Amino acid sequence: MAGTEFGHAIGLPRALSGLPLSPLVGGYGELLAAQQTIGLRHLGELLVPPGGRLRVLDGIFAVTGPGRRRHVGAGALRSLRRDRPEPGAARLLERLAAIQEADPAALRRILLYQLTHLLQDHPEGRLPATAAGFGVDPAEAAALVHAAARRARLDEGQRAAAETLLDDVLAHRIRSAARRAALLPPAGEDRALAALLGGLAARVTAADTELAVARRAEEQEDPERACVHYEEAAALAGDCPRAVRGLVRTYRPEPGDPGPPVSALVPGGVELRWPVGDFGDTRWRVVRLTRGEPADAPLAEVAGRPAGGVLMDRGAGIGEEIRHVALPLRADGAVDGPPLIAAPLSVAPAVTEAAAVDGNGWIGASWTAPSGASHCEVTLTGPQGPAPVPPAARAGLRETLRAEGLAPGRYELTVRARYAPTGRADRGALSAAVTVPATVHAWPEPVLTLTALAREAGGVEFHRTGGDGAEVRLVEWPGAAPAERAELTAAELPPPLDWAGPGWSRPGGSGPAGSGPAGSGPAGSGPAGSGPVSVGHPPPGSLTSVCAVSVLGARALAGPSVLVEAPLPVTGLALRRAAPGLVEVGFDWPGTAGTVTAVVTQDGRRTEFAVARSVFLREGLRLPVTPAALSVEVHAAPRSARSVLASAGGDARAGLPADVAIAYELVPGARRGLRRGPAVLRVTVRAPGGAPGPDLPGFVLVARGDGGRNPRRPGGPSGGTAVCRVTGAELAAAAAGTGTGTGTVERPIDTSVAPGRPYALRGFLLGGAAASVRLEEPPLLSLVVR
């Protein structure tokens, strides 16, 4: 049946005789994006109600039932817009209505173009049922799939060219349109496309003719005539690279012409500013030329329109040298008049966030390199001219360096970013210089050594080397001490130790007057080579890490440290022989000391004993000794093995003479018949080291009776009745008379003063030397008289 197969002239005037190869509508890409946003496979799905069918072979009709169909024109599209309140669908229908009004055949071309690609892409696209599945009326499905099978298939690149071809033509981008047209297959039965391609080829030929004339004029050194023909070529093909580059070479502004636009690097791209002038409503096409690209390379067009005389170009290649050309356009998009040509610009962003700090003979610098920079070049200039600069370290985009060995003075650090674009044989572009001033200040000489020596007269002497020409302070850091030669400010130093002497404020080997030890000579004297001397008296119980800091003006250098300790003195020292080979040591524990050291000197030997606080408080301190005379020194042990001890009050000392023991016993009286005589007290002196001396204590025997079967023992010399006495002189004479240091004295007990039986006896030593003599007692039962 005629009219059901493509290949016949059917339908409305200007109807197609074959399926279109291109939609031939401006802004098709935006139209397609809007269609896909609301989920349409093709635009026909927007034109029919649910359950309806679409006819496209003889115009566009929406079929809603047998014999019921409605032609879809601009009016119908606007009516559908009122029925589709969704914003996306409403805007799309309004756009389709405008397209239909401008060209009654355009919407049908678009629908046929989309349906053709849907059928060609479908694995069962040759079946009429497939077309019906896309909403095509079954009466036209067979003809449509037959025609789609005959039409040439377009690959992805050809589809992109077909869909954007008209955009380029309308914008007078003739060179780009010609490149796209070259990708398409022959137009064949698509008469509209064939006509467009014919007109396009004619414009390309005309532009080439103008270029040829312009080149001959340029070869003949006639730039004015060449410029006229380059401008004509640009008017025919607004994106012709040879025409634009020819204009750049040959255009010479005349007096009164506007000046060139100014391009400048800004964050994020290149800013192009139009010259001050009245350009009315002139539209502009701005293209970017890049040095080194081929003469026929497609022009890079800057997207957007100038706002307030300013246009931002965000596509310039980092490290390239570029030049912007602004072409004025007529209302139809053709080039109209001479261009505005900006000066060449190197797209080489400078470094940012550049900063410098100085220290003791060094300058540290940091900056942020632009993302496209290959490296940064740094120069450092000082009082003596250029200074060596080490390579920079890089972490991400942040680069740092530290130049050392610098003399005091003012310096300038200059940083430039170097760019190496791909494919360039030269070293690439170099950014503008960023200069950072810095001053290397004078710093004090460091203190090299610090030593502390305990003084016999008390306190401690500090000796140091280094720090010449600076004030040297002795300080204690509240926390961890900084490392030696750490660079500090004088304001952050703790106050000098008020007990550590005046420090040193004069250069060389002399310290402040009076800083030397008492009687040691002039201030600053001390051991040879030890340097200046400062005397301090640490408070008792302190443990101080003393640090020497050299100061010059507002700057300081941390020096070495020494640990100084002043233990609390031991008081209340007392000694007592508890057994022939044991001495009991008592004293008041010194504050919070953890350990106390006792030194026993006996028979020319010194023996140290350490006791912990917990052990001393629980068990006391008993030391093994011999009977010979001895002395004991007690002092708090240092809390650190590195401490230098500065005793605040001296060690506690006490002595004991050689061991002397006095033993006593009751000797029963002689038996006289059935009764015994009075008991006799026998007192024996034993001094293993020889004669005990004349200062022996006296002895008294005391009786106590309380009427009980087991009388209580006397608690002291006055705790009962004295029944017998022996003087110290008598005991000394008895011991001296034997020549062995051992002697015995016997005395009868005065039973007349004794209490009633039973009673208990006990002996006691009397006199100032009683504490230094050991008393040996007999068994307790032998001292009970019944």
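Residues numbered from 1 in each chain as written. Predicted model: local features only at pLDDT ≥ 70, side-chain atom pairs only at ≥ 80, totals over all residues. Heavy atoms only, no water.

Novice: Pulling in residues and values, what's your account of the overall build of the protein chain?
Specialist: Broken down by element type, the protein chain carries 13 helices and 44 strands. Its C-alpha radius of gyration of 58 Å places the protein chain more than 25% over the 28 Å reference for a compact globule of 786 residues. C-alpha extents for the protein chain along the principal axes are approximately 180 × 80 × 40 Å. When the 786 residues of the protein chain are sorted by exposure, 46% land in the buried category. Long-range pairs, those at least 24 residues apart, make up 65% of the contacts in the protein chain with a sequence separation of at least 6. Summing over all exposed atoms, the protein chain offers an accessible surface of approximately 38200 Å²; the carbon and sulfur share of this is 54%. (Helix = DSSP H or I, 4+ residues; strand = E, 2+ residues; numbered from the N terminus. Rg over C-alpha atoms; globule rule 2.2 N^0.38 Å. Buried < 20%, exposed > 50% of the residue type's maximum accessible area, 1.4 Å probe, protein only. Contact = heavy atoms within 4.5 Å. Areas by Shrake-Rupley, 256 points an atom, 1.4 Å probe, with all protein chains shown as cover.)

Novice: Account for unusual backbone geometry, naming residues and giving values.
Specialist: Of note, the amide linkage connecting arginine 757 to proline 758 takes the cis form, showing an omega dihedral of -10°. Note that proline 758 resides in the loop between β41 (742-748) and β42 (759-766). Residues other than glycine seldom take positive phi values, yet glutamate 353 does so here, at roughly 55°. Its place among the elements puts glutamate 353 in strand β12 (residues 352-359).

Novice: Tell me about the sheet that holds strand β1 (residues 53-55), and name the residues and values.
Specialist: The strand order across the open sheet built from three strands is β1-β2-β3, with neighbouring strands paired in antiparallel fashion. Every other strand in the sheet has two partners, leaving β1 and β3 (68-71) as the edge strands with one partner each. Averaged over all pairs of adjacent strands, the angle between their axes in this sheet comes to 30°, without regard to strand direction. One ladder, built from four bridges, connects strand β2 (residues 61-65) with β3; its direction is antiparallel. Opposite alanine 62, over in β3, you have arginine 70 as the bridge partner. (Pairing = 2+ DSSP bridges. Axes fitted to C-alpha atoms, helices over the stretch in contact; angles between N-to-C directions.)

Novice: Explain the pattern of salt bridges residue by residue, including any values.
Specialist: Under the counting rule described, the total for this entry stands at 38 salt bridges. Across the salt bridge formed by aspartate 208 and arginine 175, the nearest N and O atoms sit 2.7 Å from each other. With aspartate 208 in helix α9 (residues 191-219) and arginine 175 in helix α8 (residues 174-183), this pair connects stretches of sequence that are 33 residues apart. Glutamate 730 serves as the salt-bridge partner of arginine 747, at 2.5 Å between the closest nitrogen and oxygen. Of this pair, arginine 747 sits in strand β41 while glutamate 730 sits in helix α13 (residues 728-738), and the two are 17 residues apart along the sequence. Overall, glutamate 730 belongs to the partly exposed group, its relative accessible area being 29%. Linked through salt bridges whose partners overlap, the residues forming this network are Arg577, Asp659, Arg686, Arg774 and Glu776. (Salt bridge = Lys/Arg side-chain N within 4 Å of Asp/Glu carboxyl O.)

Novice: Give me the pairing of strand β18 (residues 409-418): which residues, what numbers.
Specialist: Among the ten residues that make up β18, seven are buried, leaving the element largely enclosed by the rest of the structure. As judged from the seven bridges shared by strand β14 (residues 375-382) and β18, these two strands associate in the antiparallel manner. Bridging from a neighbouring strand, valine 378 pairs with valine 415 of β18. Bridge analysis of β18 against strand β19 (residues 434-440) gives seven bridges, and the strand direction is antiparallel. Among the inter-strand pairings, arginine 410 is bridged to a residue of β19, identified as threonine 439.

Novice: Describe the nonpolar core, naming the residues involved and giving the relevant values.
Specialist: One broad trend across soluble globular proteins is that nonpolar side chains are buried collectively. Counting residues in each nonpolar core, the largest one holds 83 residues, and the members touching the most others are Leu47, Leu96, Leu165 and Leu200. Among the elements that take part in this core, α9 stands out by supplying nine residues, more than any other. Apart from the residues within four sequence positions on either side, leucine 165 is in contact with Ala177, Arg180, Ala181, Leu184, Leu193, Leu196, Leu197 and Leu200. Among the nonpolar cores identified, the runner-up in size contains 28 residues, and Val683, Ala735, Val745 and Ala754 belong to it. (Core = buried A, V, L, I, M, F, W, Y, C linked by side-chain atoms within 4.5 Å.)

Novice: Give a description of the packing of helix α7 (residues 156-170) against α9 that names residues and reports values.
Specialist: Direction vectors running N to C along α7 and α9 enclose 40°, while the axes themselves pass 12 Å from each other. Relative to α9, the element α7 is oriented oblique. Taken as a pair, α7 and α9 cross one another with a handedness that is left-handed. On α9, the residues touching Leu165, Leu166 and Val169 of α7 are Leu193, Leu196, Leu197 and Leu200. Of the residues contributing to the contact of α7 with α9, the split by class is seven nonpolar, no polar and no charged. (Parallel < 35°, antiparallel > 145°, perpendicular 65-115°, else oblique. Left-handed = near helix turned anticlockwise from the far one by under 90°. Nonpolar A, V, L, I, M, F, W, Y, C, P; charged D, E, K, R; others polar.)

Novice: Explain α13 to me, using residue names and the numbers behind them.
Specialist: Those residues of α13 not exposed but buried are Gly728, Leu731, Ala732, Ala734 and Ala735. Taken around the axis of α13, the buried residues stretch over an arc of 160°, which confines them to a single face. Among the exposed residues of α13, those pointing more than 90 degrees away from its buried face are Ala729 and Gly737. Those residues of α13 that are buried lie in contact with β35 (660-667), β38 (680-686), β39 (698-704), β40 (721-726) and β41. Once α13 finishes, glycine 739 follows within two positions and takes phi at roughly 80°, a positive value. (Arc of directions from axis to C-beta.)

Novice: Describe the environment of leucine 656, and please don't skip the residues or the numbers.
Specialist: Looking at the secondary structure, you find leucine 656 in strand β34 (residues 652-656). For the pair formed by leucine 656 and serine 631, sequence separation is 25 residues and the distance between their alpha carbons is 6.1 Å. When neighbours within four sequence positions are excluded, leucine 656 is seen to be in contact with Leu575, Arg576, Arg577, Val583, Ala629 and Leu630.

Novice: Quick one: what's the story with the packing of α8 against α9, residue by residue and with numbers?
Specialist: As a packed pair, α8 and α9 sit with axes 10 Å apart at the nearest point and diverge in direction by 130°. One finds that α8 runs oblique with respect to α9. The element α8 and its partner α9 pack so that their crossing is left-handed. Packed against α8, whose contacting residues are Ile174, Arg175, Ala177, Ala178 and Ala181, the element α9 presents Leu197, Leu200, Arg203, Val204, Ala207, Asp208 and Leu211 at the interface. Looking at the contact of α8 with α9, its residues break down into nine nonpolar, no polar and three charged.

Novice: Which residues make up the sheet that holds strand β8 (residues 310-313), and what values go with them?
Specialist: With respect to topology, three strands assemble into an open sheet ordered β4-β5-β8, the strand pairing being antiparallel. Of all the strands in the sheet, just β4 (262-266) and β8 have a single pairing partner and so form its edges. Neighbour-to-neighbour, the strand axes of this sheet turn through a mean angle of 25°, independent of strand direction. With four bridges joining them, strand β5 (residues 269-273) and β8 adopt antiparallel strand pairing. Note on β8: the bridge partner recorded for arginine 273 is valine 310.

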